[in-house]
Amino acid sequence: MTTFEKARLQSSERTLPGRYCTDPAIFDREQCEIFARRWVCVGRAEQAGGPGEYFLAQVAGESLMVIRDHQGVLRAFYNLCRHRGTRLCSATAGRFTALVRCPYHAWSYRPDGSLAAAPNMEQSPDFNPADYPLHRCHLAEWEGFVWLNLASQPTPFESVFAPLIGRFGAWQLSALRLGARVTYDLRANWKLIFENYNECYHCPPIHPRLAQLSPSDSGRNDLMEGPFLGGYMGIHPGMALTVSGSRSRPPLGSVAGEDLQRAYYYTLFPNLLFSLHPDYAMVHFLVPLAPDSTRIVCEWYFDPTQIAQPGFDPTDAVALWDEINRQDWQVCEWTQQGVASRAYTPGPYAHSEGLCAAFDREYLKALGC
Amino acid sequence: MTTFEKARLQSSERTLPGRYCTDPAIFDREQCEIFARRWVCVGRAEQAGGPGEYFLAQVAGESLMVIRDHQGVLRAFYNLCRHRGTRLCSATAGRFTALVRCPYHAWSYRPDGSLAAAPNMEQSPDFNPADYPLHRCHLAEWEGFVWLNLASQPTPFESVFAPLIGRFGAWQLSALRLGARVTYDLRANWKLIFENYNECYHCPPIHPRLAQLSPSDSGRNDLMEGPFLGGYMGIHPGMALTVSGSRSRPPLGSVAGEDLQRAYYYTLFPNLLFSLHPDYAMVHFLVPLAPDSTRIVCEWYFDPTQIAQPGFDPTDAVALWDEINRQDWQVCEWTQQGVASRAYTPGPYAHSEGLCAAFDREYLKALGC
Amino acid sequence: MTTFEKARLQSSERTLPGRYCTDPAIFDREQCEIFARRWVCVGRAEQAGGPGEYFLAQVAGESLMVIRDHQGVLRAFYNLCRHRGTRLCSATAGRFTALVRCPYHAWSYRPDGSLAAAPNMEQSPDFNPADYPLHRCHLAEWEGFVWLNLASQPTPFESVFAPLIGRFGAWQLSALRLGARVTYDLRANWKLIFENYNECYHCPPIHPRLAQLSPSDSGRNDLMEGPFLGGYMGIHPGMALTVSGSRSRPPLGSVAGEDLQRAYYYTLFPNLLFSLHPDYAMVHFLVPLAPDSTRIVCEWYFDPTQIAQPGFDPTDAVALWDEINRQDWQVCEWTQQGVASRAYTPGPYAHSEGLCAAFDREYLKALGC
């Protein structure tokens, strides 16, 4: 990317050139420079709740095991044996009662990653088991979410996430539990999904039901530059972002006052869309698969005491957002098709798309442009 | 391609080297140098008959809208919004009652391509709607067919098509209407299909039924060099190119004399196979999808007064050609497989394959070789 | 590959770097330097038993016809016409009563490859049929197996196969006939399958049934360097490698003595796994399709007098090996996934994996590293 292009983007706020959504070389560079170097959110600590429990995560094309060791510490390892490279786990989640045993030659690892047994290798005089722990990756927890970083020396999580840490205490997020999950596969670049989430200019045309519950001009952004962008939108008095339009659950944690009529929406670079409602939280995990292909896992979290109720039913929140999600994915796919055209030239962002331009700036910086 | 190869091809009339049918780089170059610069036939004017009616066309990987404006003028635009690049139309044909409205943020365009409304953009002082018309492409009509050209300054249609203009007046082609359409997807390079159509050397071995109706040695070529190649073949007296072998419709327009026992076959570089029979016309539109993949849309046109008859049935013509088409596509696919071999070397064209060699020369010239 | 890497591999016996199983450029180089230059086993002479009978073979992405001429000589030709390159045969096996006739323009070849007829070409004064025989490839037969070599001047078969010729006389392999065939498609590099077959270190963890019949530590290698690697493993007295554990057929040929309680296993570079049991033979033909994709055809051969018995049933041998095959393919696929990781580094071979290291050395030498 030339200096000229950078200057133009910063001064006149235009969309990115089309190649950022279509060029396989840029996609590969994103995987290396962004997804393999930034903190990427992969799930919830509850998914590996007890000793020996694990779940598989996918970051930058890598399969990683997130496993809780016998001291209760959550750890992350590349999902491959140090002997011949074989996948250790193929089930997406499970529990190891003692050791993680490779299915090929039975090399076995402790949940802390150290090599416990390597049959026959005692015949190799130079072989020292201490040289062959599982390859580890960095892990951080925040508000119940698990973040991985594939860099050898990542910027500390607390430093990167300083703008967010402590900000959402009222929702008591780490206590929440998964209530629903929907997975979507889109034919669109991951950045188009971030840009879509970063503005409500599109809400009146494509989300008519949302406009009835939450005025599209009611938003105020409070994070406007950097890796975390967003703010809140008002909810009509007495209403909630559910299919029925009314709230059927008490507020989370200590949510009170104005927050009872607000939904907070943030994009957390590079892979999380983060939504806080008075009575539930919702996130979208993005997994870029190809320049024009992204998997999105959308999860809804609720107060565990509500989930434990006999009649607990998250459908009112899930069905509303599933509808909104599908409307958004459709226009993202149509946009992917258009930006691939040789006739496409970057278009002018509207004032209400300021966060899209801020996202693009952050993205280009992360890519080293 | 080296000078040596060109000289060899011109002097000894051999088939093209195999890479022209297999190399993705050559395919990309064809898309840029040929399909994005030449006049490409995309359909019939009747497909957008009234004001606001449109159909989508695909040229060189681009989606284009062919739309009739309120003054009755047919126009062509790239199918993407000037704001974020979103596809404006996803239905392959339809009618806009007033404006073409982008589904994402409701930017709206008049059928002449000008931007009529861009919500919220009034807050951007530098924004001038006149700067954001739809990207247009050049369009020409001839004999009821619609041709697009993606070049910024194409050679005028009338200049390129001078050898054809006025030649087929007797058939009154612009008055004809679509009677049938069949779409085929082939695993073969588009040029093998042109070469197949340019000779009847293969007719005795693979089209036994055709040989009964039209002697394979009855042909006379009248266009033998340049972008348009072909001529006529005789039809046995009293017969027609139909399944029954007899003609069930009156001749088109003012077709008379020798033309009543002739079928005219031309290849129109780079994407049309053009066939005129005494009582119907047939064309094949070629859409190259990959080096080894081509979509072919075959259409049959008839006199509208015949189509309006209660018992109108085009099956006698359609079924014959569908059989011949499939026989041809099969050998084209087998040839695609063979020319991909490392053992393949260009083979000698027979005398009866002179138009194939002429097509190859025109193709190499168009590619800039 | 750097000199440093070669030295390291030879001294400390580690697995190959991951790119050898993932890089398309290395795959292409293997196709050129190995599969298009070495003797590749493609089937059995019995598949083209009589004059005019043929079968199609696939080597290095090429389709080849193996055909028996009217003098009874087996010959191999590239499956494409010298005229336009069209595939001559599309059926995978069959019989030509007289000539091999191209389906496109009826050029016809004798089973010895010479051009017998080329309609219309008599009009081309420079055309000499003797200039257009089918492109031939080298063929060798050994023990009833057919081997092709695409090189223009291959190392003679007898020279390459000297370590094997005469070694397996007792089994009288050329007299055997096909009893069963199973085809597998794997998502794994072909070399992982060779490495898998070259050690029984993995037998206890993944083949529990095999361990009951044949002790995993009973093996002795007798070919330990070069293109052919392997040796034998003992079979428990009174048992056989069948589902029931017992032998239901008499020994092959003159198999006697210790060989009645042994199974011989060899890898024949670059595409055959070769297994001799007292009462049947089994081979795996490997066809690499992509860096991460291999087709394996497994065939079982028996004494024809046994096959002719009314109740002949090869299931006891086939079902055992089909189970073992699938267990092996699963770990090969898991290994393919792991070696593609950026965290993967070559791991240490155990002593019992010495043949894997020997295979890797032979492979690197063949690749020109």
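Residues numbered from 1 in each chain as written. Chains lettered and ligands numbered in written order. Predicted model: local features only at pLDDT ≥ 70, side-chain atom pairs only at ≥ 80, totals over all residues. Heavy atoms only, no water.

A short note on the overall build of chain A
Note the following rule: Elements are defined by DSSP. Helices are runs of H or I of four residues or more, strands are runs of E of two residues or more, and each kind is numbered from the N terminus. The globule rule used here is 2.2 Å times the number of residues to the 0.38 power, and the radius of gyration it is set against is calculated over C-alpha atoms. Contacts were defined at the residue level, with two residues in contact if any of their heavy atoms lie within 4.5 Å. Positive charges come from Lys and Arg, negative ones from Asp and Glu, while His and the chain ends are left out of the count. Positions of charges follow a simple convention, taking NZ of Lys, CZ of Arg, CG of Asp or CD of Glu.
When you go through chain A residue by residue, the secondary structure sums to nine helices and 17 strands. Computed over its C-alpha atoms, the radius of gyration of chain A comes to 22 Å, within 12% of the 21 Å expected for a compact globule of 369 residues. If you line up chain A on its principal axes, its C-alpha atoms span 70 × 60 × 30 Å. Look at the contacts in chain A between residues 6 or more apart in sequence, and 66% of them connect residues 24 or more apart. The positive charge centre, built from 32 side chains, and the negative charge centre, built from 38, are 3 Å apart in chain A.

Regarding the relation of the copies chain C and chain A
What counts here: The copies were overlaid by least squares, fitting only the C-alpha atoms of residues that reach a pLDDT of 70 or more in each copy.
Superposition of chain C onto chain A requires a rotation of 120° combined with a translation of 0.1 Å along the rotation axis, giving an RMSD of 0.1 Å. Taken together, the rotation angle and the small translation identify this as a three-fold axis. Measuring from the rotation axis to each C-alpha of chain C, the shortest distance belongs to C:Pro24, at 8.8 Å.

Details of the domain arrangement of chain A
Residue and element names in this part refer to chain A. Applied cut-off: Bear in mind that the domain bounds are from an automatic or database domain assignment. Here the buried area means the combined drop in accessible surface, using a 1.4 Å probe, for two parts upon being joined, counting both sides. Salt bridges are defined by distance alone: a side-chain nitrogen of Lys or Arg within 4 Å of a carboxyl oxygen of Asp or Glu.
For chain A, the domain assignment lists domain 1 (3-23 + 172-366) and domain 2 (40-160). Computed over C-alpha atoms, the centres of domain 1 and domain 2 are 31 Å apart. Taken together, the contact pairs 18 residues of domain 1 with 14 residues of domain 2. Contact with domain 2 buries surface across domain 1, with Leu173, Asn271 and Phe285 losing the most and accounting together for 28% of the total. At the junction of domain 1 and domain 2, the tally comes to one salt bridge.

Comments concerning the sheet that holds strand S17 (residues 293-302) of chain C
Residues and elements named next belong to chain C. For clarity, the threshold we go by: Should DSSP find at least two bridges between two strands, the strands are taken to pair. For helices, the fitted axis covers only the stretch in contact; all axes are lines through C-alpha atoms, and the angles between them, taken along N-to-C directions, range from 0 to 180 degrees.
Spatially, seven strands are ordered S11-S17-S16-S15-S14-S13-S12 in an open sheet, and the strand pairing comes out antiparallel. The open sheet has two edge strands with one neighbour each: strand S11 (177-186) and strand S12 (220-223). Neighbour to neighbour, the strand axes of the sheet diverge by 15° on average, direction disregarded. When strand S16 (residues 281-290) meets S17, the two strands line up antiparallel, connected through nine bridges. Across the sheet, Pro288 pairs through a bridge with Thr294, a residue of S17. On top of the sheet, helix H8 (residues 315-339) reaches S11, strand S14 (262-268), S16 and S17; it is set at about 20° to S11, its chief contact.

Looking at the interface of chain C and chain A
Taken residue by residue, the interface counts 28 residues in chain C and 29 residues in chain A. Taken as a group, C:Tyr201, C:Trp334 and C:Arg342 account for 29% of the area that chain C buries against chain A, more than any other trio of residues on that side. The interface formed by chain C and chain A holds three salt bridges in total. Two residues, C:Arg342 and A:Glu62, come together in a salt bridge whose shortest N-O distance is 3.0 Å.

Re the packing of helix H4 (residues 190-197) of chain C against helix H9 (residues 354-366) of chain C
Residue and element names in this part refer to chain C. To be explicit about the condition: Should the near helix be turned counterclockwise from the far one by less than a right angle, the crossing is left-handed, whereas a clockwise turn marks it as right-handed.
At their nearest, the axes of H4 and H9 sit 8 Å apart, and the two run at 145° to each other. Taken as a pair, H4 and H9 cross one another with a handedness that is right-handed. For the pair H4 and H9, the contacting residues are Trp190, Lys191, Phe194 and Glu195 in the first and Cys356, Phe359, Asp360 and Tyr363 in the second.

Examining the interface of chain A and chain B
For clarity, the threshold we go by: Contacts described as polar in this section are N or O atom pairs within 3.5 Å, which, within protein, must combine one atom able to donate a hydrogen with one able to accept it, while residues neighboring in sequence count only if both atoms come from side chains.
Between chain A and chain B, the contact holds 28 residues from the first and 29 residues from the second. In total, chain A and chain B occlude about 2,300 Å² of area from one another, counting both sides; carbon and sulfur atoms represent 53% of this. Counting every contact that joins chain A to chain B gives three salt bridges. Across the salt bridge formed by A:Glu199 and B:Arg84, the nearest N and O atoms sit 3.2 Å from each other. Scanning the region where chain A abuts chain B turns up 17 residue pairs in polar contact (both at pLDDT 80 or more).

Here we look at the confidence of the model for chain A
Keep this limit in mind: Along the chain, pLDDT gives the predictor's confidence residue by residue, from 0 to 100.
Put simply, chain A has an average pLDDT of 94, and 97% of its residues get 70 or more. Scored by ipTM, the complex comes to 0.93, with pTM at 0.93.

What about the pairing of strand S2 (residues 53-59) of chain C?
Residue and element names in this part refer to chain C. One ladder, built from three bridges, connects S2 with strand S5 (residues 93-95); its direction is antiparallel. Within S5, the residue paired with Glu53 across the bridge is Arg95. In terms of strand pairing, S2 meets strand S3 (residues 62-68) through six bridges, oriented antiparallel. In the sheet register, Gln58 faces S3, and the bridge partner there is Ser63. Between S2 and S3, which follow one another and run antiparallel, lie two residues, and Ala60 among them has a positive phi close to 50°.

Section: the pattern of salt bridges
Residue and element names in this part refer to chain A. As a reminder, the rule being used: Using a 1.4 Å probe on the protein chains alone, a residue whose accessible area is under 20% of its type maximum counts as buried, one over 50% counts as exposed, and one in between counts as partly exposed.
Using the criterion set out here, one finds 60 salt bridges over all chains in the structure. Between Arg177 and Glu46 there is a salt bridge, with its nearest N and O atoms 4.0 Å apart. Placement of the pair is Arg177 in strand S11 (residues 177-186) and Glu46 in the loop between strand S1 (40-44) and strand S2 (53-59), with a sequence separation of 131 residues. Its relative accessible area of 32% is what places Arg177 among the partly exposed residues. Linking Arg249 and Asp316 is a salt bridge whose minimum nitrogen-to-oxygen distance equals 3.1 Å. On the criterion of sequence distance, the pair formed by Arg249 in the loop between strand S13 (228-234) and strand S14 (262-268) and Asp316 in helix H8 (residues 315-339) is long-range, its members being 67 residues apart. Here the two residues Arg249 and Asp316 agree in accessibility, since each one is buried. Look at the salt bridges and you will find they share partners, linking Glu13, Glu225 and Arg361 into a network.

Quick word on the side chain of C:Glu30
Residue and element names in this part refer to chain C. Of note, Glu30 is situated in helix H2 (residues 24-35). Overall, the relative accessible area of 1% leaves Glu30 in the buried class. Polar side-chain contacts of Glu30 include one of 2.7 Å to the side chain of Trp190. One polar contact links Glu30 to Lys191, side chain to side chain, over a distance of 2.6 Å. Filtering out sequence-adjacent residues up to four positions away, Glu30 remains in contact with Tyr20, Phe35, Trp190, Lys191, Tyr363 and Leu367.

Focus: the packing of aromatic side chains
Under the convention used in this document: Pairing of aromatic rings covers Phe, Tyr and the six-membered ring of Trp, with a centre-to-centre limit of 6.5 Å; geometry is then stacked below 30 degrees between planes, edge-to-face above 60, and tilted otherwise. A ring is considered to have a charge above it if a Lys NZ or an Arg CZ atom is located within 6 Å of its centre and within 35 degrees of its normal.
Under the defined criterion, the tally for this structure stands at 105 aromatic pairs over all chains. Between A:Phe127 and A:Tyr132, the ring centres sit 5.0 Å apart and the planes meet at 10°, which makes this aromatic pair stacked. Assessed through its relative accessible area of 7%, A:Tyr132 is described here as buried. The ring of A:Tyr301 has A:Arg44 sitting right over it, with the charged end atom 4.7 Å from the ring centre. Residue placement shows C:Arg44 over the ring face of C:Phe145; its charged tip is 4.5 Å from the ring centre.

A short note on the environment of C:Arg177
All names here are of chain C. Along the primary structure Arg177 and Leu223 are separated by 46 residues, whereas in three dimensions their C-alpha atoms are 27 Å apart. When neighbours within four sequence positions are excluded, Arg177 is seen to be in contact with Arg44, Glu46, Trp300, Tyr301, Phe302, Pro304 and Ile307. Only 3.3 Å separates the side chain of Arg177 from the backbone oxygen of Ser174, close enough to count as a polar contact.

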